[in-house]
Amino acid sequence: MSTDRRQFLSAFGKLLILTPAAAAAWEYVEAGKAEEAPGYRTADHWWAMVIDIEKCIGCGNCVRACKTENDVPLEPEYFRTWVERYHVPEGVSEHPDVDSPNGGYDGFPEKYRPGDGAKSFFVPKICNHCASSPCVQVCPVGATFESPDGVVLVDKSYCLGCRYCVQACPYGCRYIDPRTETVDKCTFCYHRITKGLTTACCETCPTGARQLGDLKNPKDPIHEFLRTHKVQVLKPQMATGSKTWYSGLDGSVR
Amino acid sequence: MGGLFVAGIVLFLIARWAFVPEGFGELGHYRTGALADNRVKKPVFAGRAACADCHTDEAGWLKGGPHKGVGCEACHGALGAHASGESDVKPVRPDPAKLCLVCHLPNVSKPATFKQIDPKDHMDGAGKCGECHDPHSPDKEPKKP
Amino acid sequence: MHESLTSLVQGFMYPNEVELQWSVLVVLYPYLTGLVAGAFILASLERVFRVEAVKPTYRLALLTALAFLIVAPLPLQLHLGHPERSLEMYLTPHTSSAMAMFGFVYLWYLMAVLVLEIWLDYRADIVTTARASKGLKRQLYRAMALWSDDLSEESRRLDDKVGYILTIIGIPSAFLLHGYVGFIFGSIKANPWWSTPLMPIVFLFSAIVSGIALVLLMYMATCVAKRVPIDMRCVDTIAKYLFYAFIIDFTLEGIDLLHRMYEADESFKSLDFMVKTKLFVSQILLQVIFGGLVPILLLAITQVVKLSEQARKAIYAVCGALTLVGILAMRWNVVIGGQLFSKSFLGYTTYKMDFATKEGLLPAILLMILPFVILAVLVKLLPPWQEAETE
């Protein structure tokens, strides 16, 4: 490739990254749907995620990518997404052994032996972007909210730091960012998905265990996935309207 | 006393009018500008499409192989700054001996169908994956640079 | 520091759960508001239900309630990540949030009920003091009377009438204030330790118990300090109310416990383990045995057996103190206990209290002393026993 062409293309690349409309448009072009490539309108989208347990290999790419993409503190108490390892001895699904060393950031050094009479698997966790979210319900001032395109977001310039939402999330998806003293959580990489990109965790997942989907886009593969897989949400008894669906989820997972 | 109460309520209404941020409550119980605030950040990962835009040849290397679904930045690191030409960040060229094991080291918790290989039991523990396998298309011979 | 936080975890917790969000300061918040509600309800007994025996404590109870109410929001304020934004609670209250309404309930209670009732009750006294003094003091009292200078029979009757109506409004307000604090916890469905419809009513009755115990102790202490005899009819009556309220409170908490044990839902094993280990001292020993059973038994003895005045005084003092410790332990067990176990029910952590940090033990102790300082000032400005002496 000639240097000139590289420079030209890198300038084009800059355009792609910098202007949301162009980036979105480009993504549509790539997918062969150039005709649908307008600027981003919140009313046209309804974001969700599917996670296929059968595909997760616990490599930790998603955890590392998320912390990089979203500038999440590196300490082991702060995660927008993390991976858990379940180890369920036969017939005791009420008491699985679970661990998540550093949230899976460094992968999972083997700690079980093959043939120990238990099943074992990885469970990636992320904000469920609930449609009737308990965290949004309890925020006293409206600093956290469900966006019109179905993403639970935080207004960092308005958050009091009262931590009520952290208490109200049944899934442990929120933390207080020690640098800003405000709450922080997964945004489904809102700065990416509104530019036509997928989330950092989905982008770097080597096996496609996670897939972001737009439920309002009839051509999104998420529809096919939800039709052809038996899916479950976490803690369905909480009735939070979770929009993160798991395929192959074991009953021991909480 | 009653006057004090009225004064208090009036003060409160004035404060509400003066301090409630612009655009609050238009779309829901939040500040509309918060949506834009959540969008301003520049992506750190460029996304595989942006990579393929310049690196047309390399993008083809994955085609048809078992790694066809793997994003470039899954192995080469976050390259948003590289793609936008803002910095001289270059893609990481990881050592296959380490990189391959991030995914393929055996682990009972991994799905049984996923290819796992213990380097100790393979090729006398040589641990030089890259000599026989092309990381971009591991079922093929490696490309010589 | 972070290494040590993770090392406190036994079993498994979601990674973000390792850091405890609500500290000892949040323990103080329901404790202080509870004392307010309890003290006020005791004061209302005299006013609305005309229980003459507790009259000597009426004004003291009101001033105690005010002193504690002024301090009540401070621990919350100190605890916020951004205290400077707390005004947002008033500007854009989220109606679906249990916490958002606190600001309004608090203001209503402080301004419309407590301050107004105290003012009406004291107005005549303030005017009298203003008339009898000179200079700065005179100006101060004139201002406190809001420059009213009317001592006529008619104006006093009006004060009394409005005050009476206020008290009637005040009782449900006091119930609201504290029942509502219970709702803040009881409505969190994600947390089985908190989530129970009994929470508001348990909070309310424990508030009444703690408030009565506080006023009982304050009254006895002031009598000792002023070297005047303790009105035994008064303390006997208060102790009787304490006993009754305590029985209701203890029964409610017992029902909650029994229900949890019998239903034994998915969270039970986890919570049961927590109570028997992490919360053993604060829950079993301090809250149930020494802060509950012992004072109830002692009070029951005073109700059944005829004891000497001296013995009764001693028992009342001991019961009052134990009750205050027991209710503080109850608040601790709710607030801190609710964060020690993982919502995965697979693990636990330990709360390490700091000392001289923003949310440490030191500010907590200072915040517990502050209401007494405020009360001392209030008592100086508005002596609650003037009446008793002049009569």
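Read on for an overview of the structure. (Residues numbered from 1 in each chain as written. Chains lettered and ligands numbered in written order. Predicted model: local features only at pLDDT ≥ 70, side-chain atom pairs only at ≥ 80, totals over all residues. Heavy atoms only, no water.)

Some thoughts on the overall build of chain C
Test applied: Runs of H or I in DSSP of at least four residues are treated as helices and runs of E of at least two as strands, each being numbered from the N terminus. C-alpha atoms define the radius of gyration in this analysis, and the globule rule sets the expected value at 2.2 Å times the number of residues to the power 0.38. In what follows, residue pairs with any heavy atoms lying within 4.5 Å of each other are defined as contacts. The charge count treats Lys and Arg as positive and Asp and Glu as negative. His and the chain ends do not count. The location of each charge is read from NZ of Lys, CZ of Arg, CG of Asp or CD of Glu.
Along the backbone of chain C there are 16 helices and two strands. Compactness check: chain C gives a C-alpha radius of gyration of 22 Å against a globular reference of 21 Å for 391 residues, within 12% of the reference. Reported as C-alpha extents along the three principal axes, the dimensions of chain C are approximately 70 × 55 × 35 Å. Here the analysis covers contacts within chain C between residues at least 6 apart in sequence; of these, 80% occur between residues at least 24 apart. Treating the 31 positive side-chain charges of chain C as one cloud and the 31 negative ones as another, the clouds have centres 6 Å apart.

Details of the overall build of chain B
For clarity, the threshold we go by: Accessibility here uses a 1.4 Å probe with only protein chains present; expressed as a share of the type maximum, an area under 20% marks a residue as buried, one over 50% as exposed, and anything in between as partly exposed. In these tables, accessible area is a Shrake-Rupley quantity obtained with a 1.4 Å probe, and a residue counts as shielded only by the protein chains included in the view.
Secondary structure assignment for chain B yields eight helices and zero strands. Going from the N terminus to the C terminus, chain B shows its helices and strands as α-α-α-α-α-α-α-α. In terms of C-alpha radius of gyration, chain B reaches 28 Å, well past the compact-globule figure of 15 Å for 145 residues. Each principal axis of the C-alpha atoms in chain B carries an extent, and together these give about 90 × 40 × 25 Å. The buried share of chain B, taken over its 145 residues, is 26%. In chain B, the proportion of contacts linking residues at least 24 apart, taken out of those at least 6 apart, comes to 38%. With the model as given, the accessible surface of chain B reaches about 9100 Å², and the carbon-plus-sulfur share is 63%.

A short note on a nonpolar patch on the surface
Condition: Patch definition: residues above 30% relative accessible area lacking any salt bridge, with like charges linked at up to 9 Å and the nonpolar side chains Val, Leu, Ile, Met, Phe, Trp and Tyr linked at up to 5 Å. We count a salt bridge whenever a side-chain nitrogen from Lys or Arg sits within 4 Å of a carboxyl oxygen from Asp or Glu.
Together, L74(C), M353(C), F355(C), L361(C), L362(C), I365(C), L366(C), I369(C), L370(C), V373(C) and V377(C) give the surface a local cluster of nonpolar side chains, amounting to about 870 Å² of exposed area. For the nonpolar patch, the leading source of residues is helix α15 (residues 361-381) of chain C, giving eight residues.

Remarks on the side chain of N107(B)
Just so we agree on the cut-off: Any pair of N or O atoms that falls within 3.5 Å is considered a polar contact. Within protein, one atom must be able to donate a hydrogen and the other to accept it, and sequence-neighbouring residues count only if both atoms are side-chain atoms.
With respect to the helices and strands, N107(B) occurs in the loop between α7 (96-104) and α8 (129-132). Among the polar contacts made by the side chain of N107(B), one reaches the main-chain amide nitrogen of S109(B) at a distance of 2.9 Å. Contacts of N107(B), omitting those with residues within four sequence positions, involve R85(A), F108(A), P109(A), E110(A), F122(A) and Q116(B).

Topic: the sheet that holds strand β2 (residues 81-89) of chain A
Residues and elements named next belong to chain A. Stated precisely, the cut-off is as follows: Between any two strands, pairing holds if DSSP finds at least two bridges. To obtain an axis, a line is fitted to C-alpha atoms, over the contacting stretch when the element is a helix, and the angle between two such axes runs from 0 to 180 degrees between their N-to-C directions.
Spatial strand order, β3-β2-β4: three strands in an open sheet with antiparallel pairing. Two strands lie at the open edges of the sheet, namely β3 (97-99) and β4 (118-126), each paired on one side alone. Between one strand and the next, the sheet's axes are offset by a mean angle of 20°, whatever the strand orientation. Inspection of the sheet shows β2 paired to β4 by nine bridges, in the antiparallel sense. Bridge pairing in β4 links R85 to F122.

What to know about the pattern of salt bridges
Throughout the structure, instances matching the rule amount to 28 salt bridges over all chains. Residue D71(A) pairs with R179(A) through a salt bridge whose shortest N-O separation is 3.7 Å. Pair noted here: D71(A) is in the loop between α3 (61-70) and β2 and R179(A) is in the loop between β7 (175-177) and β8 (182-184), with a separation of 108 residues, a long-range link. Classification of R179(A) by relative accessible area gives partly exposed; the value is 49%. For D125(C), the salt bridge identified is with R59(C), shortest N-O distance 2.9 Å. Of the two residues, D125(C) sits in helix α6 (residues 102-132) while R59(C) sits in helix α3 (residues 58-71), which places them 66 residues apart along the sequence. With relative accessibility at 17%, the residue D125(C) sits in the buried group.

Details of the nonpolar core
Put simply, the test is: Take the buried Ala, Val, Leu, Ile, Met, Phe, Trp, Tyr and Cys residues and link them wherever side-chain atoms come within 4.5 Å; each set so joined is a nonpolar core.
By size, the foremost hydrophobic cluster in this structure holds 135 residues, and its most contacted members are Y164(A), Y109(C), L114(C), F185(C) and Y316(C). Beyond its immediate chain neighbours, meaning those up to four positions away, Y164(A) contacts V138(A), W22(C), S97(C), A98(C), M99(C), I184(C), S187(C) and I188(C). Residues V151(A), Y190(A), I193(A) and L35(B) belong to the second largest nonpolar core, which totals 46 residues.

Structural notes on the pairing of strand β11 (residues 244-247) of chain A
Along any regular strand the residues' side chains alternate between the sheet's two faces. Residue and element names in this part refer to chain A. Residues T244 and Y246 point to one face of β11 and W245 and S247 to the other, with burial holding for every one of them. Where strand β1 (residues 47-52) meets β11, four bridges bridge the pair, whose relative direction is parallel. In the sheet register, M49 faces β11, and the bridge partner there is T244. Relative to β11, strand β10 (residues 231-232) runs antiparallel, the two sharing two bridges. If you follow V231 over to β11, its bridge partner there is S247.

Focus on helix α8 (residues 153-186) of chain C
Which entries qualify depends on this criterion: Helix span, as expected, comes to 1.5 Å for every residue beyond the first. Bend, in this description, refers to the angle at a residue between axes fitted to the seven residues ending there and the seven starting there.
With 34 residues, α8(C) extends 48 Å from end C-alpha to end C-alpha; this agrees with the ideal 50 Å at 1.5 Å per step. Most pronounced at G170(C), the bend in α8(C) amounts to some 25°, and the proline P172(C) follows within four residues.

Overview of the interface of chain B and chain A
Heads up, the rule is: For this scheme, ten residues count as nonpolar: Ala, Val, Leu, Ile, Met, Phe, Trp, Tyr, Cys and Pro. Four count as charged, namely Asp, Glu, Lys and Arg, and the remainder, Gly too, count as polar.
With 45 residues of chain B at the interface, the matching set in chain A holds 62 residues. Viewed at the interface, chain A and chain B are joined by two salt bridges. The salt bridge partner of R48(B) is E203(A), with a shortest N-O separation of 3.2 Å. Inspection of the region where chain B meets chain A yields 16 residue pairs in polar contact (both at pLDDT 80 or more). Going through the elements one at a time, α2 (33-37), α3 (48-54), α5 (72-76) and α7 of chain B are the ones with two or more residues in the side of chain B that touches chain A. In terms of residues, the side of chain B that touches chain A owes the most to one element, α3(B), which gives five residues. Grouping the constituent residues of the side of chain B that touches chain A by class yields 24 nonpolar, eleven polar and ten charged.

Describing the interface of chain C and chain A
At the junction of the two partners, chain C supplies 40 residues and chain A supplies 51 residues. Scanning the region where chain C abuts chain A turns up zero salt bridges. Here chain C is connected to chain A by 30 residue pairs in polar contact (both at pLDDT 80 or more). Contributions of two or more residues to the side of chain C that touches chain A are made by α1 (2-7) and α5 (88-91) of chain C.

From the geometry alone we can't say anything about function, so treat these as descriptive.
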